[in-house]
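These are the residues of each chain, in order.
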Amino acid sequence: MSYIDDDLVEGFLKMFYLIFGQAYSRGYLPVDAYNKLCVNKDTKISMPKLKIDDDMEIVAFTNEECAMLDEYFTGSNAETAYLLGRYCGLRINEAYGLKWENVDLEAGTIRIEQQMQYQEGLIKLVPLKTRNARRTIYLNSRVKAHLAALLKQWQNTTPIQRL
């Protein structure tokens, strides 16, 4: 029997709502589609109801499932957040809270110092909830290469193009 972990589904939904909320606020997603997917209680995507006898055992992705996720996110707007979550264990809000000043490619580390949150109708960078959440994480070669390529691409753009 195969099932998807509730925490995984919840994490996906948080990322989904964050991405679709941004797409809507920037005019990339029509209001009808946004309302159908994110607002209307009858049609919006939501957590499945947990049954009393559901098995709460932690199940890891298979290599094939990981390969499918890798392929799905490669080249997407969420690729960096996905890689940071998969290989560095970052929460979605921590991944979106990173700035280039928190990345040290020479040392191969990132510093987690803030997170992004939706507050009062705005997306904001806010302090981490606890002192222990502030940390330095080592990058593996795949994430380091990805961030180096992004930095090079960013450096080759003008300030106007970065907006």
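Scroll up to find the structure.
All figures in this text were calculated on a predicted structure; none of them were measured in a lab.

**A look at unusual backbone geometry**
In this structure, Glu120 is a non-glycine residue whose phi angle is positive, near 50 degrees. With respect to the helices and strands, the residue Glu120 is situated in the loop between β3 (114-119) and β4 (122-127). On the basis of relative accessibility, which here comes to 72%, the residue Glu120 falls in the exposed class.

**Comments concerning the pattern of salt bridges**
Under the definition given, this model contains 6 salt bridges. A salt bridge links Glu94 to Arg135; the nearest nitrogen and oxygen atoms lie 2.8 Å apart. Here Glu94, found in helix α5 (residues 92-96), pairs with Arg135, found in strand β5 (residues 135-138); they are 41 residues apart in sequence, far enough to count as distant. Note on Glu94: relative accessible area 2%, which makes it buried.

Definitions and limits used
Once a new chain begins, its residue numbering starts again from 1 and follows that chain's sequence as written. Where totals are concerned, whole chains, interfaces and linings use all residues; where local detail is concerned, this predicted model gives features only for residues with pLDDT of at least 70, and gives and counts side-chain atom pairs only at 80 or more. The basis for every side-chain value is the complete set of heavy atoms in the structure, and neither hydrogens nor water enter the calculation. Only DSSP runs of H or I with at least four residues qualify as helices, and only runs of E with at least two residues qualify as strands; both kinds are numbered from the N terminus onward. Categorising residues by exposure relies on relative accessible area from a 1.4 Å probe, with only protein chains included: less than 20% of the type maximum marks a residue as buried, more than 50% marks it as exposed, and the intermediate range marks it as partly exposed. Any Lys or Arg side-chain nitrogen found within 4 Å of a carboxyl oxygen on Asp or Glu counts as a salt bridge.

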